[in-house]
Every structure is written in C-alpha cells, then in structure tokens.
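A closer look at the structure
Residues per chain are reported as follows:
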Amino acid sequence: MGAGMKDNKQIKMLLWDVDGTLLDFLAAERVAIRACFEKFGFGECSDEMLAEYSEINRKYWKMLERGEMTKHEILVGRFHEFFGKHGIDATVAEDFNSEYQIRLGDTIVFHENALETVRELRDRFIQCAVTNGTKIAQDKKLKASGLADIFDYVFISEEVGFEKPAREFFDVVAERTGVDMDEAMIIGDSLTSDMKGGNNGGIITCWYNPEGLDAPDDLRIDYDIRKLGELVEILG
C-alpha cells in the first residue's frame, strides 16, 4: 500500500481494467495466435515466437498510449513487424488481425479471485470496465466471462473516442456515470495506461502488481496489491 491515501469511504465507483488485471490476457493471446497460424497455413507458432510477438505487441500498445499511432496502425503494424522477422507474407496482416480479434474472445482465464472479488463488491460500488481493447474482442470476452452481467458500465476506447491514459477518456466516464473521478478508484496492471490514466484523471489508483515490481517515482500509486482479493479488505 502507498502512503497518504484518500479516505476509502468516499469511493463510490471502481474502474476495472480487463486484460492483464481481471483476465489472463497472455493465455488468450497464445491460443488465438496459434489458432490463426493454423487457419492461415503458417505452420507452428513456437513458444519463442509467441514471446517475441508479445514483446512487439507491448511496444505497439505503448505507442498507442503515447498517442504516437492510431488503434488501426498498431493492430496491423505489430503483425507487419512480427511477420517480417519470420519471412511471412505481411500483406495478410490486416486479415490476420481481423481473425485474431475474434479468436481473442474464445479463451477466458480469470486471474486468481478476480471473478469472486468483482461479485463480492457488486452491491457496494458502481463497477465499470475501462479498456483499450478492441470492441469486437472485448464484447465477446465480457459476455463469455459473465462480466458483462456484473458491470454497471463498459467503457471501450473505440466507443469512448479516447484511449487510456488520456484525461478525456475519464471525462467521458464521469459524464456518463454521474460520478466525480475523485470518488472513483481505478484497478489495473498497466503503469502506462491504468496508473498514469488514474493520475491524469484525478482518480485513486490501485496497481495490480502480482510480481511485486518496484513502483516508479513519477507516478502516484495509492495502493499496490499482489492479489485482487486484497481489494475487498482495502475497501472495508
């Protein structure tokens, strides 16, 4: 936990990141990439190739968060770069990405106590999904996981018109929910998207940090948790 936090009693709303926080994104990524490799006749996608793709993918999403590329540019660009490293025809990157978005919603793996925590907090707080993931993938994941039936609101950047960590993303959340952002807490695994977004939006921040990494000095992190179940105790 951090120091000098605001009074928990003022929190009315929880803003949940989805991929990497509630759901194990890497598990879904592995299955989706391999299914697409098979469909497009690319042969086997090895563990080493998957790790390489994951690194490329993270690099492109950070460029999106910094406003350096559009959503479409990063979605297709990551596959252009990955395919180029392995002699795969990069002209299929667009079609490959379209299929990949659909397949991403096929694998639902919750992080430990994620679903139980959201359910336990259901009647005490307004709960929202706040995600930069694509609408086609997120709609499918939220429905298949049952989270769509629990969340009061779902905010997908494609529909909001802004990406986390932009302040404008959270301005839309405040407008639609009628809750001031100083009465909200954001829970997420990403420093550059969720925690920075919380700082930009004046939101109480809770970093889901299962690996116990050191927090950077340039971000305000109010709570630092290893397990999502800790949130129930924090919120009293």
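It should be noted that the structure appears before, not after, this text.
Our subject in this report is the structure included herewith. (Residues numbered from 1 in each chain as written. Predicted model: local features only at pLDDT ≥ 70, side-chain atom pairs only at ≥ 80, totals over all residues. Heavy atoms only, no water.)

**Some points on the overall build of the chain**
Going by this rule: To qualify as a helix, a DSSP run of H or I must reach at least 4 residues; to qualify as a strand, a run of E must reach at least 2; elements of each kind are numbered from the N terminus. C-alpha atoms define the radius of gyration, and 2.2 Å times the number of residues to the power 0.38 defines the globule rule. Burial classes: relative accessible area under 20% of the type maximum marks a residue as buried, over 50% as exposed, and values in between as partly exposed (1.4 Å probe, protein chains only).
When you go through the chain residue by residue, the secondary structure sums to ten helices and six strands. What you see for the chain is a C-alpha radius of gyration of 18 Å, in line with the 18 Å of a compact globule of 236 residues. Here the C-alpha coordinates of the chain stretch approximately 55 × 35 × 35 Å along the principal axes. Across the 236 residues of the chain, 52% fall into the buried class.

**Considerations on the sheet that holds strand β4 (residues 184-188)**
Put simply, the test is: Between any two strands, pairing holds if DSSP finds at least two bridges. Where helices are involved, their axes are fitted lines through C-alpha atoms of the stretch in contact, as for all axes, and angles between N-to-C directions lie from 0 to 180°. Contacts between residues were defined by any pair of non-hydrogen atoms, one from each residue, lying within 4.5 Å.
Taken in spatial order, the six strands make up an open sheet running β3-β2-β1-β4-β5-β6, and their pairing is parallel. Strands at the two margins of the open sheet, each flanked by one partner only, are β3 (153-156) and β6 (223-225). On average, each strand axis in the sheet is tilted by 20° relative to the strand beside it, whichever way the strands run. Pairing of strand β1 (residues 13-16) with strand β2 (residues 126-131), which is carried by four bridges, proceeds in the parallel orientation. What sits directly across from Leu 14, in β2, is Gln 127. Of the strands in this sheet, β4 and β5 (204-208) are in contact with helix α9 (residues 191-201), which crosses β5 at around 165°.

**So, helix α6 (residues 135-145)**
Owing to its 3.6 residues per turn, the α-helix brings residues three or four apart onto one side. The following threshold applies: What the arc describes is the spread of directions from the helix axis to the C-beta atoms.
Turning to α6, its buried residues number three or more, namely Ala 137, Gln 138, Lys 141, Leu 142 and Ser 145. Angular distribution of buried residues about the axis of α6 spans 120°; they occupy a single face of the element. Turned more than 90 degrees away from the buried face of α6, the exposed residues are Lys 143 and Ala 144. Each element contacted by the buried residues of α6 is listed here: α1 (25-39), α4 (93-104), β2 and β3. Among the residues trailing α6, Gly 146 stands out with phi positive, at a value near 85°.

**Observations regarding the packing of aromatic side chains**
Two aromatic rings, taken as a pair, are described by how far apart their centres are and by the angle between their planes. Put simply, the test is: To pair, rings of Phe, Tyr and Trp, with the six-membered ring standing in for Trp, must have centres within 6.5 Å; the planes then decide the type, stacked if under 30 degrees apart, edge-to-face if over 60, and tilted in the middle.
Summed over all chains, the structure comprises 17 aromatic pairs. Taking the centre distance of 6.3 Å and the plane angle of 50° together, the rings of Phe 37 and Phe 82 count as tilted. Placement of Phe 37 in helix α1 and of Phe 82 in helix α3 (residues 71-85) is noted, with a sequence separation of 45 residues between them. Comparing Phe 37 with Phe 82 shows no difference in burial state: the two are buried. Relative to Phe 96, the ring of Phe 83 has its centre 5.0 Å away and its plane inclined at 90°; by these criteria the two rings are edge-to-face. A residue pair is termed long-range when its members are at least 10 positions apart, and Phe 83 in helix α3 and Phe 96 in helix α4 qualify at 13 residues.

**What to know about empty space enclosed by the protein**
Where empty space is left in the structure can be found by rolling a water-sized probe over the atoms. Heads up, the condition is: Definitions used throughout: a 1 Å grid over protein atoms alone; a cavity as a set of points that fits a 1.4 Å probe which cannot get out; a pocket as an open set with protein on both sides within 12 Å along at least five of seven lines; a lining residue as one with an atom within 4 Å of a point. Grid points are joined across faces, edges and corners, and a volume is the space filled by probe spheres set on the points. Classification convention: Asp, Glu, Lys, Arg as charged; Ala, Val, Leu, Ile, Met, Phe, Trp, Tyr, Cys, Pro as nonpolar; all other residues, Gly among them, as polar.
Taken as a whole and assessed by the stated rule, the structure comprises one cavity of 30 Å³ or more. A volume near 40 Å³ is recorded for the largest cavity. Surrounding the largest cavity, Asp 19, Leu 23, Asp 24, Phe 25, Ala 28, Thr 107, Ile 108, Val 109 and Lys 141 form its lining. In the lining of the largest cavity, the residues fall into five nonpolar, one polar and three charged.

**Observations regarding the layout of surface pockets**
Put simply, the largest pocket is a space of about 1000 Å³. For the largest pocket, the lining is made up of 38 residues, of which Asp 19, Gly 20, Arg 58, Asp 189 and Ser 190 are closest to its centre. Mapped by element, the contributors of at least two residues to the lining of the largest pocket are α1, α2 (47-65), α3, α4, α6, α9 and β5. In terms of residues, the lining of the largest pocket owes the most to one element, α2, which gives six residues.

**Topic: the pairing of β1**
Of the two faces of β1, both are covered, the one formed by Met 13 and Leu 15 as well as the one formed by Leu 14 and Trp 16. The sheet contact formed by β1 and β4 spans four bridges and is parallel. In the sheet register, Leu 14 faces β4, and the bridge partner there is Met 185.

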